[in-house]
Amino acid sequence: QVQLQESGPGLLKPSETLSLTCTVSGGSITNYYWAWIRQSAGKGLEWMGRVYSSGSTTYNPSLQSRVSMSAETSKNRVSLRLESVTAEDTAVYYCARGPRREFLPRWYDTWGQGILVTVSS
Amino acid sequence: QSALTQPASVSGSPGQSITISCGVTGSDFDPDTFVSWYQQHPGKAPKLIIYDVNIRPSGVSDRFSGSKSASTASLTISGLQAVDEALYFCSSYTNKIVLFGGGTRLTVL
């Protein structure tokens, strides 16, 4: 059974860069889409973007200028970077697995437990 | 950019059926839009319960069903149970971009 585990700093100061890693166990990241999705306290979900195992990416237009994602098949993990964070970026960050490449990346069937990232001075 | 709209809350009694709607602000759904639904219990990650409008992943109860018209996607839960009390999100995939609705809190009375 595939399991996803997010890791990274839980506390950042404004203007810093958020860096998170999603380590996948029980399966390979190869040939799958992987997304980062965040959820602010008491609010809905925000799709941040996705990365395919080959490294190709698609980002949410609202975050395009600050976000980047990557995939490392050798380490079976995907990563997220979000630059110039503000308090508005405080949220639980989830990584999630999309379908295999033969499908459009239109659903996410496996999620990590999420990691809370707080941005505060 | 379009947004998905959902009612903030719905409620129902055990055994009843409820429907949660999901619409696109200012327009109808693009015919090529794919809709999925997620269930989230407190403190847990979202769980995929419907994809491609009306397909249930393996292991998801057949009490959950989905549908879509030109203007609205819907999730219906029949035979309501206490365990169904959760937050429900609709999601759309159009032109390579994924959107999520604001979520609907289901209360089982």
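Just above sits the structure.
Rules used in this analysis
- Just so you know, the residues in each chain are numbered from 1, in the order the chain's sequence is written.
- Chains carry letters from A onward and ligands carry numbers from 1 onward, assigned in written order.
- Residues qualify for local features only when their pLDDT is at least 70, as the model is predicted, and side-chain atom pairs are given and counted only at 80 or more; totals for whole chains, interfaces and linings, by contrast, use all residues.
- The basis for every side-chain value is the complete set of heavy atoms in the structure, and neither hydrogens nor water enter the calculation.
- Put simply, a disulfide is two cysteine sulfurs that come within 2.5 Å.
- Numbering goes from the N terminus for both helices and strands, where a helix is a DSSP run of H or I of at least four residues and a strand is a run of E of at least two.
- Exposure classes here rest on a 1.4 Å probe applied to the protein chains alone. A residue is buried below 20% of its type maximum, exposed above 50%, and partly exposed in between.
- We call two residues in contact when some of their heavy atoms are within 4.5 Å.
- Buried area is understood as the total, over both parts, of accessible area removed when two parts are fitted together, assessed with a 1.4 Å probe.
- Here, a salt bridge means any side-chain nitrogen of Lys or Arg that lies within 4 Å of a carboxyl oxygen of Asp or Glu.
- The definition of a polar contact used here is a pair of N or O atoms within 3.5 Å, where within protein one atom must be able to donate a hydrogen and the other to accept one, and adjacent residues in sequence count solely through side-chain atom pairs.
- Side-chain classes follow a simple rule in which Ala, Val, Leu, Ile, Met, Phe, Trp, Tyr, Cys and Pro form the nonpolar group, Asp, Glu, Lys and Arg form the charged group, and the remainder, Gly included, forms the polar group.

Caption draft 1: Molecular detail of the state of the cysteines. One pass over the full model with this rule turns up two disulfides over all chains. Between the sulfur of cysteine 22 of chain A and that of cysteine 95 of chain A lies a disulfide, 2.0 Å long from S to S. Judged by the sign of its S-S torsion, about 55°, the cystine formed by cysteine 22 of chain A and cysteine 95 of chain A is right-handed. Taken together, the positions of cysteine 22 of chain A in strand β3 (residues 18–25) and cysteine 95 of chain A in strand β9 (residues 91–100) put the pair 73 residues apart, joining distant regions of the chain. We note that cysteine 22 of chain A, like cysteine 95 of chain A, is buried. Each disulfide pairs two cysteine sulfurs, and for cysteine 22 of chain B the partner residue is cysteine 90 of chain B, the sulfurs being separated by 2.1 Å. Disulfide cysteine 22 of chain B to cysteine 90 of chain B: torsion about the S-S bond roughly 70°, handedness right-handed.

Caption draft 2: Just the interface of chain A and chain B, in detail. Each side of the interface is counted separately: chain A has 21 residues, and chain B has 20 residues. Between chain A and chain B, roughly 1700 Å² of surface is buried when both sides are summed, and carbon and sulfur atoms account for 66% of that area. Across the contact surface, chain A and chain B share one salt bridge. Arginine 106 of chain A serves as the salt-bridge partner of aspartate 52 of chain B, at 2.5 Å between the closest nitrogen and oxygen. Scanning the region where chain A abuts chain B turns up six residue pairs in polar contact (both at pLDDT 80 or more). Looking at the side of chain A that touches chain B, the elements with two or more residues in it are β4 (32–39), β5 (45–52) and β6 (57–59) of chain A. Broken down by element, the side of chain A that touches chain B gets its largest block of residues, four residues, from β5 of chain A. Across the side of chain A that touches chain B, the residue classes break down as eleven nonpolar, five polar and five charged.

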